[in-house]
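Understanding the architecture of this molecule
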Amino acid sequence: MPFVTGLTCVRCGASYPARSVMTCPRCGVTGILDVRYDYPAIKRRLTRRALAARDDLSQWRYRELLPIGERARLPNLAVGWSPLRPAPELARHLGLRTLLLKDDGRNPSASLKDRASAVGAVKAVEARRKVIACASTGNAASSLAAMAAALGLKAIIFVPERAPEPKLAQLLIFGATVLRVRGSYDQAWELCQSACERWGWYNRNCAVNPYLVEGKKTVSLEICEQLEWKVPEWVAVSVGDGCTIAGAWKGFREMRALGLIRRTPKLLGVQAEGAAPVTAAFRSGRALVPVAPSTMADSIAVGVPRNWKKAVDAVRESGGTMIDVSDDEIREAMLATGRLAGVFAEPAAATAVAGLARAARERIVSRGAAALAVITGNGLKDTRAALEAAPRPVDIPPDLGAVEAALAK
């Protein structure tokens, strides 16, 4: 890790050498660490001109800002550099002047979490571990299974019993050992923690592993470069555990520190009303209070988010805010995003669009503002939720008269 200078606890501020620990020994499991870099050295190497000359259209084009060795073995999968395009019809529907969609559903396992899992799998290989594990509601699990398969690692995945079947199908096809826990995500997480400690497996869980957020931040690095270094006023990100929005902010902050962008966007963190402990902590200014999650957006149905402080700090530092949306608003956003932008977003991904819709209605985001929504996962991840949101098909007999009658309704 040529440009990594160490690790810092986000809770107490203690510093540690790289590779020494995964969480702060003083604070325990709540002592989440942040990776520090030698930015002056990176600034001399990572310039606009240098990036323009690079052929690698993946997240690895930003290797100076990733905690991996120069000779690290990388998965042979196209992670990152997902499409970013305008959605003018959807913008008008939401009441915004400009809307961009960053479609991370185009990643190998169809979610943004491929970015984190790719880094996690590389770190497992660097640590000479044969087994890598995580607990997940689905997306982190399927992304890890894909990356583990690409690097020849054994993946052991703990999922709650409510994990959607399409995500389970991905896990099984990728060859992971899937342990479906009869309980909540938080119970699956605790069980995974204990198993990693007992058997020495490499731990991919974002709340424990400080390197995963470094992969997630590449979504922002790409946004800056794809928009030719002119970022929008607002970037909306759905929030579950808090790692994704924390990573997004770190990416923008690093781009500004390196002089590649002049300003950073405001973050709009969006949670589902039935699973919104991070929003509550943001508004109260106090420590997070766990909740019993209840929402259709399974990927962000986290009752005890471990990365909540990183998320809250990121939104505050950006000058942005947090907002909650109902499941009905999420369903409407799924339909609107599909019909008006041609993007099939899973519920958690559509939550960001729903948040922008509400923020525009409530004048939190100006109707004249330029905004971007990060689409964190593809709708094929949860087809049951998609079918619940969509209208029913029209059943007809095989004749043209029936077609005409159906179209007239």
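Residues numbered from 1 in each chain as written. Predicted model: local features only at pLDDT ≥ 70, side-chain atom pairs only at ≥ 80, totals over all residues. Heavy atoms only, no water.

Glancing now at the sheet that holds strand β12 (residues 321–325). Strands sit in the order β4-β5-β13-β10-β11-β12 across an open sheet of 6 strands; the sheet is mixed. The sheet terminates laterally at β4 (84–86) and β12, the two strands that pair on one side only. Adjacent strand axes in the sheet meet at a mean angle of 25° when their direction is disregarded. When strand β5 (residues 98–103) meets strand β13 (residues 370–375), the two strands line up parallel, connected through 6 bridges. Bridge pairing links Leu-101 to Ala-373 in β13. Set on the sheet, helix α13 (residues 327–341) makes contact with β4, β5, β11 (266–272) and β12; between it and β12 the angle comes to about 95°. (Pairing = 2+ DSSP bridges. Helix = DSSP H or I, 4+ residues; strand = E, 2+ residues; numbered from the N terminus. Axes fitted to C-alpha atoms, helices over the stretch in contact; angles between N-to-C directions. Contact = heavy atoms within 4.5 Å.)

Take the side chain of Lys-310 next. Position of Lys-310 relative to the elements: it lies in helix α12 (residues 308–318). On the basis of relative accessibility, which here comes to 12%, the residue Lys-310 falls in the buried class. With near-sequence residues (within four places) excluded, Lys-310 lies in contact with Val-10, Ile-32, Leu-33, Asp-34, Val-213 and Ala-246. (Buried < 20%, exposed > 50% of the residue type's maximum accessible area, 1.4 Å probe, protein only.)

For the rest of this paragraph, the subject is the pattern of salt bridges. On inspection of all chains with the given rule, the structure shows 23 salt bridges. For the salt bridge of Arg-358 with Glu-362, the shortest nitrogen-to-oxygen distance reads 4.0 Å. Because the salt bridges share partners, they merge into one network encompassing Asp-34, Glu-214, Lys-217, Lys-250, Glu-254 and Lys-310. (Salt bridge = Lys/Arg side-chain N within 4 Å of Asp/Glu carboxyl O.)

Take the packing of helix α11 (residues 277–284) against α12 next. Packing of α11 against α12 leaves a shortest axis separation of 10 Å and a crossing angle of 55°. Here α11 lies oblique to α12, going by the angle between them. Pair α11 / α12 crosses with right-handed handedness. Packed against α11, whose contacting residues are Val-278, Ala-281, Phe-282 and Arg-283, the element α12 presents Trp-308, Ala-311, Val-312, Val-315 and Arg-316 at the interface. Considering only residue class, the contact of α11 with α12 consists of 7 nonpolar, no polar and 2 charged. (Parallel < 35°, antiparallel > 145°, perpendicular 65-115°, else oblique. Left-handed = near helix turned anticlockwise from the far one by under 90°. Nonpolar A, V, L, I, M, F, W, Y, C, P; charged D, E, K, R; others polar.)

So, on to unusual backbone geometry. Most of the time, phi is negative for any residue but glycine, and the peptide bond is trans. The backbone of Ala-110 shows a phi angle near 75°, a positive value even though the residue is not glycine. Looking at where Ala-110 falls in the secondary structure, it is placed in the loop between β5 and α4 (114–126). Look at Ala-110 and you get buried, because its relative accessible area is 16%. Phi is positive for Trp-229, which is not a glycine, with a value near 70°. Looking at the element boundaries, Trp-229 is found in the loop between α9 (218–226) and β10 (234–238).

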